[in-house]
Amino acid sequence: MSSAATRPAGPDDLWSVDEHLEDILATVRPLEPIELQLLDAQGCVLVENVTVPVSLPPFDNSSMDGYAVRVADVAGASEEFPAALEVVGDVAAGAADPVRVGPGQAARIMTGAPLPPGAEAVVPVEWTDGGLGEGPASGMRARSLAPEGAEGQVHVYRPAEARAHVRAEGSDVRAGELALKAGTVLGAPQIALLAAIGRGTVRVHPRPRVVVLSTGSELVQPGEELAPGQIHDSNSFALTAAARDAGAIAYRVGAVADDAETLRTTIEDQLIRADLLVTTGGVSVGAYDVVKEALSSVGDEDEPGGGVEFRRLAMQPGKPQGFGTIGPDHTPLLALPGNPVSSYVSFELFVRPAIRALMGLTELHRPRARAVLKADAALRSPRGRRQFLRGRYADGEVTPVGGAGSHLIAALAKADALIVVPEDTESVEPGGEVEVVLLG
């Protein structure tokens, strides 16, 4: 059993939401670090500090297309009295051996190119005639079309201060400085920085592989015709999408019929690619709730700490829940109820934090806020249950969406928050303050 399964609980005892979550988080541990190529590490959590081996930029370089000059040579330059300089060559980005700029000279320079020896500043090409002798230029001619542009004379119409339009070596980060600290989630900017400092691989907690499996003989794949008594399977799609949104690599398994042996075999087959298993449906007290039947004999119940326990929680929706570990690797499994809203609320409260714990994150939960209830009537809630109602949140106010029914998918699709009504509260009047979980 899981770590808190020894909690004294009679058959009619209810677990609190917090007790169930604590048990899950006490069991789930971050995945072992691995070394990944940069793009494969996107979305992963860094497990070690990364320092800068080489300063960025690694050399003084131009921030403009223009001419590298000496300050004294362009002092007092104007359109009426331009400074006439000899162009001694081109300096392009990637140039390994740039020309030297002496007194009375200039080098045509491109953005990102190293500042050549002797030069002290860069004047933008728009401050010059571009070597054409026809007044201020709007840009440079391509070298392939006019190679002579790297020679001859250029007129400069404005003075430049020392270091003008020059990006200094180390002005971004210096060698030895901390680039990224352990615990950083690697997005596009972080991966760009790693590449810029020359890191081809990085050590991270991998994104967890989450397998989502729904149960029910009544479930039909979307796109197929419904027979009498059938419904389309929405839970597995919702939870797979939610797992991906949480940062996981998620796999959806087609709905499994209400047969314990089939379900047991399917779960055992999926263990090979799962860091976390999520089932939906079949955890209540009905005659066809086969998840409880199937999981009573699957996995590692003979191993210390193994097995799945089914519980009733003091919450609405989502009272029936299951949690434990199965298989030789003690893979965590969360069994969620089958009603669509119940399963989604359960995911947000329990599965999402588990996924983020596997990733090695410290921020596990959705952000919460206080909001003023904007409603036509009071919200009613059963005493002793923590209720989660759908709502829309804006500007410090929250408006309920739909009713309390756990099957109202359309209302869930319109919601961006969950309204939390505590266990000891039976009514919240309009204008009262409530806590909300922000979903997006």
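Preceding this paragraph is the structure being described.
No experiment lies behind these values; they were computed from the predicted model shown.

## Notes on the overall build of the chain
Stage number 1. What the chain contains, in helices and strands, is 8 helices and 28 strands.
Stage number 2. The burial tally for the chain puts 46% of its 440 residues in the buried class.

## Some details on the pattern of salt bridges
Stage number 1. For the coordinates displayed, the defined rule picks out 18 salt bridges.
Stage number 2. With a shortest N-O distance of 2.4 Å, Arg-264 and Glu-261 are connected by a salt bridge. Of the two residues, Arg-264 and Glu-261 are both situated in helix α5 (residues 260–270); the distance of 3 residues between them amounts to about one turn of the helix.
Stage number 3. Residue Arg-264 is classed as buried on the basis of its relative accessible area, which comes to 15%.
Stage number 4. Classification of Glu-261 by relative accessible area gives partly exposed; the value is 46%.

## Let's talk about the sheet that holds strand β16 (residues 249–256)
Stage number 1. The strand order β16-β13-β17-β21-β20-β18 describes an open sheet built from 6 strands, whose pairing is mixed. Strand pairing shows two members of the sheet lacking a second neighbour, β16 and β18 (307–312), which therefore form its edges. With direction set aside, neighbouring strand axes in the sheet form an average angle of 15 degrees.
Stage number 2. Across 6 bridges, strand β13 (residues 209–215) lies against β16 in parallel orientation. Across the sheet, the residue bridging to Val-212 is Arg-252, located in β16.
Stage number 3. Here helix α4 (residues 235–246) sits on the sheet and contacts β13, β16, β17 (276–280) and β21 (331–336); the angle it forms with β16, its principal contact strand, is near 170 degrees.

## Some points on the packing of aromatic side chains
Stage number 1. According to the stated counting rule, one finds 0 aromatic pairs in the structure shown.
Stage number 2. In this structure, Arg-158 packs its charged tip against the face of Trp-127, placed 4.1 Å from the ring centre.
Stage number 3. Over the ring of Tyr-251 we find Arg-273; its NZ or CZ atom is 4.4 Å from the centre of that ring.

## Here's the deal with the nonpolar core
Generally speaking, nonpolar side chains in soluble globular proteins are found buried as a group.
Stage number 1. Among the nonpolar cores identified, the biggest contains 42 residues, and Phe-350 and Ile-355 are the most heavily contacted of them.
Stage number 2. Put simply, the parts of the chain that give this core at least two residues each are α1 (17–27), β13, α4, β17, β21, α7 (340–358) and β26 (417–421).
Stage number 3. Of all the elements, α7 adds the most residues to this core, at 11 residues.
Stage number 4. Apart from residues no more than four positions distant in its own chain, Phe-350 is found in contact with Val-17, His-20, Leu-21, Ile-24, Leu-313, Met-315, Gln-321 and Leu-334.
Stage number 5. Counting 19 residues, the second largest nonpolar core, distinct from the first, contains Val-211, Val-253, Leu-277 and Leu-295.

## A closer look at the sheet that holds strand β9 (residues 153–156)
Stage number 1. Taken in spatial order, the 5 strands make up an open sheet running β8-β5-β7-β6-β9, and their pairing is mixed. Edge positions in the open sheet fall to β8 (121–124) and β9, since each of these has one partner strand only. Ignoring strand direction, the axes of neighbouring strands in this sheet form an average angle of 40 degrees.
Stage number 2. Note that strand β5 (residues 66–69) and strand β7 (residues 105–109) share 3 bridges and pair antiparallel. Paired with Ala-68 across the strands is Ala-107, a residue of β7.

## A word on the pairing of strand β22 (residues 368–373)
Stage number 1. Relative to strand β28 (residues 433–438), β22 is paired through 5 bridges, and the arrangement is antiparallel. From the neighbouring strand, Ala-369 faces β28, where its bridge partner is Val-436.
Stage number 2. Here β22 pairs with strand β25 (residues 397–400) via 2 bridges, running parallel. Looking at the pairing, Val-372 lines up with Glu-397 of β25.

About the thresholds
Residues numbered from 1 in each chain as written. Predicted model: local features only at pLDDT ≥ 70, side-chain atom pairs only at ≥ 80, totals over all residues. Heavy atoms only, no water. Helix = DSSP H or I, 4+ residues; strand = E, 2+ residues; numbered from the N terminus. Buried < 20%, exposed > 50% of the residue type's maximum accessible area, 1.4 Å probe, protein only. Salt bridge = Lys/Arg side-chain N within 4 Å of Asp/Glu carboxyl O. Pairing = 2+ DSSP bridges. Axes fitted to C-alpha atoms, helices over the stretch in contact; angles between N-to-C directions. Contact = heavy atoms within 4.5 Å. Phe/Tyr/Trp six-rings, centres within 6.5 Å; stacked < 30°, edge-to-face > 60°. Lys NZ or Arg CZ within 6 Å of the ring centre and 35° of its normal. Core = buried A, V, L, I, M, F, W, Y, C linked by side-chain atoms within 4.5 Å.

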